[in-house]
Amino acid sequence: MSDTTMITNILTVMLLLVGVFFMLAGTIGFVRFPDFYSRMHATGKCDTLGEGLMLVALIIYGGATFISVKILFLMAFILLANPTSTHAIAKAAYDVGLEPWRSFDSEEVAWLNTGDGDTDNTGNTDEGRAGEDSGEVQ
Amino acid sequence: MTGASLFGIEMVDIFLAMAILIVMASFVSLYRGIEGPGIFNRIIAVNVIGTKTIVLLVLIGFIYERPDFFDIALVYAILNFIMTIAATRY
């Protein structure tokens, strides 16, 4: 085995392992996250990056042939199409009226959604949690 | 195609292990597609499984050394994109 072949194989295996790690991490996030939007946050980036890395690994393994050009077209199309479809799904869900998930109780932040911004709402900024949301009041 | 082995391990076996990991990830995603509340979780699940299937098709094309699978992967990518756009605009 020549040195060039060995370097190519090592690079291929490393990129494949990193790509599989990203895809598995995206899958775990897709199952474990509590909300639709956060699940989309997990899958939309991790799958695109993992797929791009794995296809780059297979391009390096295949060498400069016609097959590699085909896989390059496939990767370029996926890097364009996958964020577009993710954006389309998120916009459709937002237009339908799906509410984003919040980690605290809804009655504490009910005055955030009204948007009238009374002065007594700013009185509870010393609780710490409301302090970080005080930027949305004004 | 370049060399066939790395440190005594065949490259085809490494590709096969990656394909098995991707199939396992697809089944874990299928749980969210069946269980997930609402239609949008199912749309994302179909999109994710389709994305994994494209890489799986390219890996199968390298394992069996049949270049036909790359055309199938390209057509599958285009169909996946069109299906997602059509599902979000019904």
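Residues numbered from 1 in each chain as written. Chains lettered and ligands numbered in written order. Predicted model: local features only at pLDDT ≥ 70, side-chain atom pairs only at ≥ 80, totals over all residues. Heavy atoms only, no water.

(A) View of the nonpolar core. In terms of nonpolar packing, the biggest core is built from 35 residues, with Met54(A), Ile71(A), Leu74(A), Phe15(B), Val58(B), Leu59(B) and Phe62(B) touching the most fellow members. Within the residue set of this core, elements represented by two or more residues are helix 1 (3–32), helix 2 (36–62) and helix 3 (66–96) of chain A together with helix 1 (11–35), helix 2 (39–63) and helix 3 (68–88) of chain B. No other element matches the 8 residues that helix 2 of chain B contributes to this core. With sequence-adjacent residues up to four places away left out, Met54(A) is seen in contact with Leu16(A), Gly19(A), Val20(A), Met23(A), Met18(B), Ile22(B), Val55(B) and Leu59(B). Counting residues in each nonpolar core, the second largest holds 11 residues, with Phe30(A), Phe36(A), Ala92(A) and Ala93(A) among its members. (Core = buried A, V, L, I, M, F, W, Y, C linked by side-chain atoms within 4.5 Å. Buried < 20%, exposed > 50% of the residue type's maximum accessible area, 1.4 Å probe, protein only. Helix = DSSP H or I, 4+ residues; strand = E, 2+ residues; numbered from the N terminus. Contact = heavy atoms within 4.5 Å.)

(B) Main features of the environment of Ser85(A). By secondary structure assignment, the location of Ser85(A) is in helix 3. Residue class for Ser85(A) comes out buried when judged on its relative accessible area of 2%. Each C-alpha atom of the pair Ser85(A) and Gly44(A) lies 8.9 Å from the other, and the pair is 41 residues apart in sequence. Residues contacting Ser85(A), with those up to four places away along its chain left out, are Asn47(B), Phe81(B), Thr84(B) and Ile85(B).

(C) Just the packing of helix 1 of chain B against helix 2 of chain B, in detail. All names here are of chain B. As a packed pair, helix 1 and helix 2 sit with axes 9 Å apart at the nearest point and diverge in direction by 165°. The pairing of helix 1 with helix 2 is recorded here as roughly antiparallel in orientation. Here helix 1 and helix 2 pass one another in a crossing that is left-handed. For the contact of helix 1 with helix 2, a count of residues per class yields 18 nonpolar, 3 polar and 2 charged. (Axes fitted to C-alpha atoms, helices over the stretch in contact; angles between N-to-C directions. Parallel < 35°, antiparallel > 145°, perpendicular 65-115°, else oblique. Left-handed = near helix turned anticlockwise from the far one by under 90°. Nonpolar A, V, L, I, M, F, W, Y, C, P; charged D, E, K, R; others polar.)

(D) Quick look at helix 2 of chain A. Residue and element names in this part refer to chain A. Helix length check: helix 2 (27 residues) gives 38 Å between terminal C-alpha atoms against 39 Å at 1.5 Å per residue, within 8%. When you tally the buried positions in helix 2, you get 19 out of 27 residues, the bulk of the element. Taken from the residues just after helix 2, Gly63 is the one with a positive phi, measuring 80°. (Expected span 1.5 Å × (residues − 1).)

(E) Layout of the interface of chain B and chain A. With 43 residues of chain B at the interface, the matching set in chain A holds 42 residues. A buried area of about 4,000 Å², summed over both sides, lies between chain B and chain A, and 80% of it is on carbon and sulfur atoms. Broken down residue by residue, the surface that chain B buries against chain A is led by Arg32(B), Phe40(B) and Ile44(B), which jointly contribute 15%. A salt bridge links Asp71(B) to Lys70(A); its shortest N-O distance comes to 3.2 Å. At the boundary of chain B with chain A, the tally comes to 6 residue pairs in polar contact (both at pLDDT 80 or more). When contributions to the side of chain B that touches chain A are tallied by element, the ones reaching two or more residues are strand 1 (5–6), helix 1, helix 2 and helix 3 of chain B. Here the element with the most residues in the side of chain B that touches chain A is helix 2 of chain B; it accounts for 14 residues. (Buried area = accessible area lost by both parts, 1.4 Å probe. Salt bridge = Lys/Arg side-chain N within 4 Å of Asp/Glu carboxyl O. Polar contact = N/O pair within 3.5 Å; in protein donor to acceptor, adjacent residues only side chain to side chain.)

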